[in-house]
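Residue-level structure breakdown
What follows is each chain in one-letter form.
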Amino acid sequence: MAGKREKSATKASSKKASEITDFPRGGSSGLTPLEFREVARQAEQEVLFSDGVTAGDRAEKKRRRRDGDKPSKKKSKKTGNTEIDPELLVDDERVSAVESITLRTLAKGALVLGCIAAIGELELRVSLPNGLLGVVPITSISPELTTLVEKAAEAAEDSEDAMEVDGGNDNDDPLDLKTRFYVGQYVKCAVADISSKQTAGTTKKGKRAKSSTRVELTLMPEEINSRIDTDDICEGMLLTASVKSVEDRGYVLNTGIPSSKVTAFLPTSEAQAWLSRWMPQAEELRPGQLVEAAVSSVSDDRRSLRMTIDPEAVSQATPKDTYKTMASAQPGQLVSATVMKAWDRGLSLRFMGFYDCSADLNALDLAAARSKSEVEKKYPLGKSVLVRILYVSLTAAGKIITVSAMPHIQKAYADLTAADSDAGSKQDYGKLWPIPYGTVLDDCIVSNVVGTAGVSLKISTTKAVTAFARTTQLVEENEELPALNKHSGGFHIGTRHRARVISYDAIGAVVGVTLRPSVVDEQFFKLEDMYPGAQIDGKIKSFNDNGVEVTISSNLHGFIHKKHLSDIALKHPELQFTVGKQLSCRVLKIIQEQNSILLTSRKSLVQSKLPIVCGFSEAEGAVPGVITQAVVDRIVDGGAVVNFYQGANGLLLTTSKRLEPGKSLKCRILSCDSERRRIRASDNIDPNVSLEELLSQSAPSQFANLGTDVSQVSVGDIVSGTVVHVGANSALMSLEGGSLGASLPAGHYSDHCGAIADKIAARVTVNTRFEELVVIGINAERKRVIVSAKPALIKAAKANRIIADARNITVGKTLVGWVKKLTSFGAFISFPGSVSALAPLEMLSDRYVSLPEDLLQADQTVVAHVVAVDDDSGAVKIRLSLRSSVLCQDAVSSQDIVDPVIDTPADVSVGQVVRGYVKQTSEAGCFISLGRTVTGRAFISELSDEYIRDVKGAFPAGKFVTAIVTAVDAGQNRVSLSLRPSRVGAAAGPDGERKRRLDQIAVGETLKGTITRIEDYGVFVRPDDAFTTGLCYVREIADSDAPVDPKALYEIGDRVLAKVLKVDEENGKLALGLKSSYFAEGSDEESDAEESDAEASGSEASDTDPSDNDEATDGEESEDNESEDSDSEDEEEDAEVSNLALAVSEGFHWNDNNSDDEAGDQPQESDSDSDASDEEAQSKSKKSGKRSKLQKVTQDITADLSEQAPKSANDFERLVMGSPDSSFVWIQFMTYYLSQSEIDQAREVAERALKTISPREEQEKMNVWVALLNLEQHFGSNETLDNTLKRALQYMNPKHVYLQMAKIYERADQIADAERMHKIAISKFSESCKVWVLYGLLCLKNDKIVESRDLLARALRSLPKRKHVKAITQFGQMEFKHGEPERGRTVFEGVLGTYPKRVDLWSVYLDMEITLVTRQGLDELFERVTSMKHSSKKMKFLFKRWLKFEKDHGSEATIEHVKQRAREY
């Protein structure tokens, strides 16, 4: 029964088999344990992993096909050690086909051998076979490491300062993956997830999809070893394990094998070789560290495993026993396989006698093989090959095992790379690469074409590795993919190409290359190609609040911080830096650790030709005497800190007071100290001044000559001294009594602020003596003394009220200090002795303000009251109050306290209107600070009557709000608030706007309002004087019973009168009626309202769009003329309206035009070609009709005012009530107050006008703004004028505001300021012809002839081509009027030489000559133009002009000559 045993059976098993009887007792099977295991394994193999046909069946079929016998009823037994029939080796049904690992064949749950290519902070990048790349998150490495991550996350949430989670070195980060892995380490991976993202790409012939695939892997031992049968564990088997714990004699390992009875132990001696080779800096393995260990011994009960991680032992380990199941086969295992079949693309093999596997050409080191014969030559059938398993996928779709016979894979775990070259890029995985990343290979030869996947290439400079270029890397992205052929085409075998290394397959020892010319020839491909100061042309990739991301090349991106976008602060940078726009910039800094590049697009830096300073040594450009470009970072004592390239900075020694952070300037390097990393520079770049002289003039040099014994004085001492050096922000003092040096900050010259402080600072010069100074600070390290000349501090010091130690400050103290810093949440106040305290927003004043800047400014002297002191945390925290009611309780009445102090919830009551500051905003609502210790809450439903899309954006921290108290719970210290305007009422109106709440509206009232929404069931009306919106149902619209369509009767924005029918305070609803019968009694009032509304709508219809028509699109010549005419008409109409509405008397000019003569100075606009046509005449008559109506309305208003002759403020109040949208009335009201020398009252009238005039009346608002600017220019300060100008720019058309401001300056003979306004307008609106012409006019009027002519050249470079003729002719007109007429003639002759058919240009030319009344030139000009060929209408127009001129200035003969010429025509 036992039968004859196979030749390969062991002697022990043969002897035991011979002793088995034919009829064994106890039901023995008659098989040895080894044979039984092999038969069981074979049965499982045939049942579980076959298609239902057993190996015996296939062998029988083969024999019957060969011998022609009938099927045998007896099946032969076969073991794993039986010799394989050579004829079976070529049976296609028996062997598996060659499989290659690609993204398509990579299956979820499969096991694959990988090599660590890069180590990040929170993940590993793993190189997989065939150039694939996978990612391992830190939480997918080992259970022990995941536990450490969770502990670290919990510690971060609990805000713990330190956490001890590892028994290793306390100085190391326990989560630093670089202490647990090394680049080039081989690891077994399980595919956890494969996600793809496709985007559409375009080619010349159409679209081509681009895919971006992320392969997520896991190294968890329980995922890798979950399928291993414990019966298959034997010596030589490789297992992935993690260090579970560190013991005295070794390490307990976690193998993750499902059976909990199996334990693994790694002796310390078996780990030393691995540590010394791969991690010499580590003394021992760390808990959670992953290792690849070989089983060195197995206990008899298979419950205890002894492991080793010795590199040589692991590399050579092979399993001693045959696996019972295919599932025990794992990647990384070295096995002996037999060649079963050769293919043109690889080999089919079998290991352990039963398990089929395959290897492609790359895995056999035969990438250049072109035929099956070349494969068979190296690997003949039946040959035994030592291979290492790469990939195992056992799914229902198929069982795939791939192996590799590459030499470096056979030596895996012992060797690092396929080549011994250490040269590589500076990237983390650079040392793994045999050829550095980004290297350009000038000579690569195509050695093979791999189907449609790509081409293999030989590298002429090395034979250690081969190159592979995928099909997508052969041509540019926008080109069609090539058809690959071994014998033809651009990439056939033998063709030579230039390539660039872009990737490396550590498993296959293949470098990935690209043949795209655009990539190969790129100047900046990798980070190492960049250098500080390099000029690049990039493309904007994205824009955010912090700056702009720029695409430098196909592989590099840079970032421009918002501070480096421009040399000037941009209000709307998103309009200039649009996605896709080309941008010239310069490399500002390269951060190797973060693999990032910082750029700058400042023109002063990009266009600079000066040397680059990128360090603190002369080799890095910091050569004394070199002039370079720098950017001011911050202002310090003695000068400013300036930034150069690559993070280098230096101290700029200067006395200039015009420096400000962010300003770009030229400076001269004075000295450099590379060891101390210091650079000194000066803004004096005069080559005649020596470096020694500049250094001697600096504050540090002056300070070196003074004493440094700071023990001579103490904080609070009264001293005197003399100024020895004046800087931009401080003065250097020499104190008497020891010549001790001290610093006097500029803000401490006096207690004054603003203009007076500036005047005092201007008087502080060298040798200025201060008789009394108080010491406010001592820096012992720098040996500096800081003094102050503030009289308030000196008085406090004399009264011994200076407290230099914060620990001596108690609640109730009143201290004298100064403002150190203003923030969104309050003001930091400094006191002598480096004591600093915070005054919260709600404690700054008895009347809350939106921003601290509205009350305070830096260095301002303040008196503060201490309200709280907290020293529990070790550092003393002091809270102050600057409220007058706290400082002087008796001197302040309760009426003066707008916002009283709220210390407890009991200080407020339900229905009370309170004000406060937003403390925090969430999706649920806002927390509002009402006092130092009281915070109220407003739910999101109580924030507004309207829907708010972005709650956090609408209510940022620090925002000043008004709320009403809805509930108070003193027991739980809670105050509920509402910010809804309909509940808060008039107090919530902007700047005192009086509006009513719903409960303040009575039934029966008549309201004026605007329709905001129209539905089929009614219309929604928003009353003018209420915060709520009412609804008028359809039945309340008309008195008739016929159906009413609201959409046909009304439009959104219509003004209506409504009757209040019902007020539902509980539900917040207001019912209105629009029936005419509701207003029968008040018909007069209604008619007046309708008249005023009609009048307003009529004026709106007659108003022109204030936007400049210079923005018109390009068109044909006729379209150009139309746009020019439109511009002309707009400007003329604006001028007329301005003259009519703003004219005032008493010698004070409110209007933008000084006189009609000044208006006449403006260049004329050219008429269109069809000026003489009847249609044009009709259109002009219509326009003149509109203007006459406008004049009539204005004249009527003026006449009415003169009849009423307002004599008092009450009279004007009545006028503005009747004409709230008339700027003329408001400006007359301002003039009245100015005649009474009430400047502030005039300002208030202007502010009221701006809030009252309808937003649609833009011209009326503009008139008021111009009047207000005039007022500030004549009676205000520079600060008030600048603030008014900024506001006007925010609300009105900026171009018009700048031009009006320039005219105001010009009338005030402030030509420099007028030029400044014009330059700003040109920089912002360079495509507008008007801004160039007006600036040129200003230059000509002030005898700046050269500047005006240069301006024309600049204008032509900036303006669109369609506006060139317009600009040239207007500059020519200005030459006739204010410059040289001969040059004007030259300009017109040049234009007419190009456009001889433009009758409008001839007309302007003739007008200019007529003003000069030069007979000789005019006669010739009329002769020329009438001799040309024009249409009859145009000729008629020209002859009329000629005839009119001769009648005015000629004789009878000349008149007859013109008539004769006309008759001849």
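Within each chain, residues carry numbers counting from 1 in the order of the written sequence. Note on the predicted model: pLDDT of at least 70 is required for a residue's local features to be given, and 80 or more for side-chain atom pairs to be given and counted; whole-chain, interface and lining totals, by contrast, use all residues. The side-chain quantities take in all heavy atoms of the structure and omit both hydrogens and water.

**Brief notes about the overall build of the protein chain**
- Here a strand is any run of E in DSSP of at least two residues, a helix any run of H or I of at least four, and the numbering for each starts at the N terminus. The secondary structure content of the protein chain amounts to 39 helices and 50 strands.
- Only protein chains enter the accessibility calculation, which uses a 1.4 Å probe. A residue is then buried if its area is under 20% of the maximum for its type, exposed if over 50%, and partly exposed in between. Across the 1465 residues that make up the protein chain, the buried fraction comes to 45%.
- In the protein chain, the proportion of contacts linking residues at least 24 apart, taken out of those at least 6 apart, comes to 61%.
- With residues, only the protein chains shown are counted as cover, and all accessible areas are computed by Shrake-Rupley using a 1.4 Å probe. Accessible area for the protein chain stands at about 73,500 Å²; split by element, carbon and sulfur atoms hold 48% of it. Any two residues whose heavy atoms approach within 4.5 Å at even a single point are treated as in contact.

**Thoughts on the sheet that holds strand β44 (residues 960-969)**
- Any two strands between which DSSP finds at least two bridges are classified as paired. Reading around the barrel, the five strands line up as β41-β42-β43-β45-β44 and close back on themselves, with mixed pairing between neighbours. Averaged over all adjacent pairs, the angle separating strand axes in this sheet is 50°, with direction ignored.
- Examined bridge by bridge, strand β43 (residues 935-939) and strand β45 (residues 974-978) share two bridges and lie parallel to one another. The partner of R937 across the bridge, within β45, is S976. In this analysis, axes come from line fits to C-alpha atoms, helices being fitted only over the stretch in contact, and the angle between any two N-to-C directions falls in the range 0 to 180 degrees.

**Observations regarding the sheet that holds strand β8 (residues 263-267)**
- In spatial order, the strands read β6-β7-β8-β10-β9; together these five strands close into a barrel with mixed pairing. Strand-to-strand, the axes of this sheet are offset by a mean angle of 50°, without reference to chain direction.
- In terms of strand pairing, strand β9 (residues 290-298) meets strand β10 (residues 304-308) through four bridges, oriented antiparallel. Bridge assignment links V295 to a residue of β10, and that residue is M307.
- Along the sheet, helix α6 (residues 269-278) contacts β7 (250-254), β8 and β10; its crossing angle with β8, the most-contacted strand, is approximately 65°.

**Quick word on the pairing of β10**
- Across three bridges, β8 lies against β10 in parallel orientation. What sits directly across from T263, in β10, is S304.
- Between β9 and β10, which pair antiparallel and follow one another directly, the connecting turn spans five residues, one of which, R302, has a positive phi of 55°.

**What about the packing of aromatic side chains?**
- Here the aromatic set is Phe, Tyr and Trp, taking the six-membered ring for Trp, and pairing holds for ring centres within 6.5 Å; pairs whose planes are under 30 degrees apart are stacked, those over 60 apart are edge-to-face, and all others are tilted. Scanning the model with the defined rule gives 16 aromatic pairs in all.
- With a centroid separation of 4.6 Å and 10° between ring planes, the pair formed by Y182 and W278 is classed as stacked. In this pair, Y182 is assigned in the loop between α4 (143-157) and β4 (186-202) and W278 in helix α6, connecting sequence segments 96 residues apart. With respect to class, Y182 is no different from W278; both count as buried.
- An angle of 85° between the planes, with centres 6.3 Å apart, marks the rings of Y1017 and F1020 as edge-to-face.
- The class for F1020 is buried, based on a relative accessible area of 16%.
- If you follow K341 out to its NZ or CZ, it ends over the ring of W343, 4.9 Å from the centre.
- In this structure, R1035 is placed above the aromatic ring of Y1033, and the distance from its NZ or CZ to the ring centre is 4.9 Å. Charges are assigned to positions over rings by a cutoff of 6 Å between ring centre and Lys NZ or Arg CZ, combined with an angular limit of 35 degrees from the ring normal.

**Thoughts on the nonpolar core**
- By nonpolar core is meant a set of buried Ala, Val, Leu, Ile, Met, Phe, Trp, Tyr and Cys residues that side-chain atoms within 4.5 Å join together. Counting residues in each nonpolar core, the largest one holds 71 residues, and the members touching the most others are L124, F181, Y391 and V513.
- Discounting chain neighbours no more than four positions away, the residues touching V513 are L441, L457, A467, F468, A469, Q473, A499, R500, V501 and I502.
- Membership of the second largest hydrophobic core comes to 59 residues, among which are F1229, I1322, Y1335 and L1340.

**Side note on the packing of helix α26 (residues 1223-1235) against helix α28 (residues 1258-1275)**
- The interhelical angle for the contact between α26 and α28, taken along N-to-C directions, is 20°, at an axis separation of 9 Å. With respect to α28, the element α26 is oriented roughly parallel. In this structure, α26 meets α28 at a crossing whose hand is right-handed. Residues S1223, F1224, I1227, M1230 and L1234 of α26 lie in contact with α28, whose contacting residues are E1260, N1263, V1264, A1267, L1268, L1271 and F1275. Should an angle fall under 35 degrees it is taken as roughly parallel, and over 145 as roughly antiparallel, whereas 65 to 115 is taken as roughly perpendicular and any remaining angle as oblique. Each crossing is labelled by how the near helix is turned from the far one, with a counterclockwise turn of less than a right angle marking it left-handed and a clockwise turn marking it right-handed.

**Thoughts on the pattern of salt bridges**
- Here a salt bridge means any side-chain nitrogen of Lys or Arg lying within 4 Å of a carboxyl oxygen belonging to Asp or Glu. Enumeration according to the criterion identifies 28 salt bridges in this entry.
- For R496, the salt bridge goes to D443, with nearest N and O atoms at 2.8 Å. With R496 in strand β19 (residues 496-505) and D443 in strand β16 (residues 440-450), the pair connects residues that are 53 residues apart, well separated along the chain.
- Residue R496 is classed as exposed on the basis of its relative accessible area of 54%.
- A relative accessible area of 27% means that D443 is categorised as partly exposed.
- A salt bridge links R807 to D805, with the nearest nitrogen and oxygen atoms 3.0 Å apart.

**Brief notes about helix α34 (residues 1364-1378)**
- If you check α34, its first and last C-alpha atoms are 21 Å apart, about what 15 residues at 1.5 Å a residue would give, namely 21 Å.
- Within α34, 12 of the 15 residues are buried, leaving the element largely enclosed by the surrounding structure.
- Among all positions of α34, only H1364, V1365, K1366, A1367, T1369, Q1370, F1371, G1372, Q1373, M1374, E1375 and F1376 are buried. Expected helix span is given by 1.5 Å per residue-to-residue step, counting one fewer step than there are residues.

**So, the packing of helix α32 (residues 1329-1341) against helix α33 (residues 1345-1358)**
- Where α32 meets α33, the axes come as close as 8 Å, and the angle between the chain directions of the two elements is 170°. Taken as axis vectors, α32 and α33 run roughly antiparallel relative to one another. Contacts between α32 and α33 involve W1332, Y1335, G1336, C1339 and L1340 on the former and, on the latter, I1345, E1347, S1348, L1351, R1354, A1355 and S1358.
- The residue makeup of the contact of α32 with α33, split by class, is seven nonpolar, three polar and two charged. For this classification, the nonpolar set comprises Ala, Val, Leu, Ile, Met, Phe, Trp, Tyr, Cys and Pro, the charged set comprises Asp, Glu, Lys and Arg, and every other residue, Gly included, is treated as polar.

**A short note on unusual backbone geometry**
- The phi dihedral of N130 falls on the positive side, at around 60°, and the residue is not glycine.
- Mapped onto the elements, N130 comes out in the loop between β2 (123-127) and β3 (133-137).

**Concerning the pairing of strand β28 (residues 649-653)**
- Taken together, the five bridges between strand β27 (residues 639-643) and β28 define a ladder with antiparallel strand orientation. The residue bridging G639 from the neighbouring strand is L653, located in β28.
- Counted between consecutive antiparallel strands, the loop separating β27 from β28 contains five residues, among which Q646 sits at a positive phi close to 55°.
- Pairing of β28 with strand β30 (residues 678-682) involves three bridges; the strand directions are parallel. Paired with L653 across the strands is S682, a residue of β30.

**Focus on the confidence of the model for the protein chain**
- Confidence per residue, as judged by the predictor, is encoded in pLDDT with a range of 0 to 100. Chain-level pLDDT for the protein chain is 77 on average; 78% of the residues reach the 70-or-more range.
- Element-level pLDDT for the protein chain is lowest in helix α22 (residues 1117-1142), with a mean of 38, against a maximum mean of 94 in strand β25 (residues 596-600).
- Contacts of residues 47-59 to residues separated by more than four positions or lying in other chains number 16 contacts, the stretch itself having pLDDT below 50.
- Taken as a whole, residues 418-430 scores under 50 in pLDDT and shows 29 contacts with residues more than four places along the chain or in a different chain.

**A closer look at the side chain of T1231**
- Within the secondary structure, T1231 sits in helix α26.
- Residue class for T1231 comes out buried when judged on its relative accessible area of 9%.
- Contacts described as polar in this section are N or O atom pairs within 3.5 Å, which, within protein, must combine one atom able to donate a hydrogen with one able to accept it, while residues neighboring in sequence count only if both atoms come from side chains. For T1231, the side chain forms a polar contact with the main-chain oxygen of I1227, separated by 2.8 Å.

**Focus on a positive patch on the surface**
- Together, R676, R678, R680 and R782 make up a region of like positive charge exposed at the surface.
- Looking at where R676 falls in the secondary structure, it is placed in the loop between β29 (664-673) and β30.
- Among the residues examined, R676 registers a relative accessible area of 53% and is labelled exposed. Think of a patch as exposed residues, more than 30% relative accessible area, with no salt bridge, where like charges cluster within 9 Å and nonpolar side chains (Val, Leu, Ile, Met, Phe, Trp, Tyr) cluster within 5 Å. Counting rule applied: Lys, Arg positive; Asp, Glu negative; His and chain ends not counted. A charged residue contributes its charge at one atom only: NZ of Lys, CZ of Arg, CG of Asp or CD of Glu.

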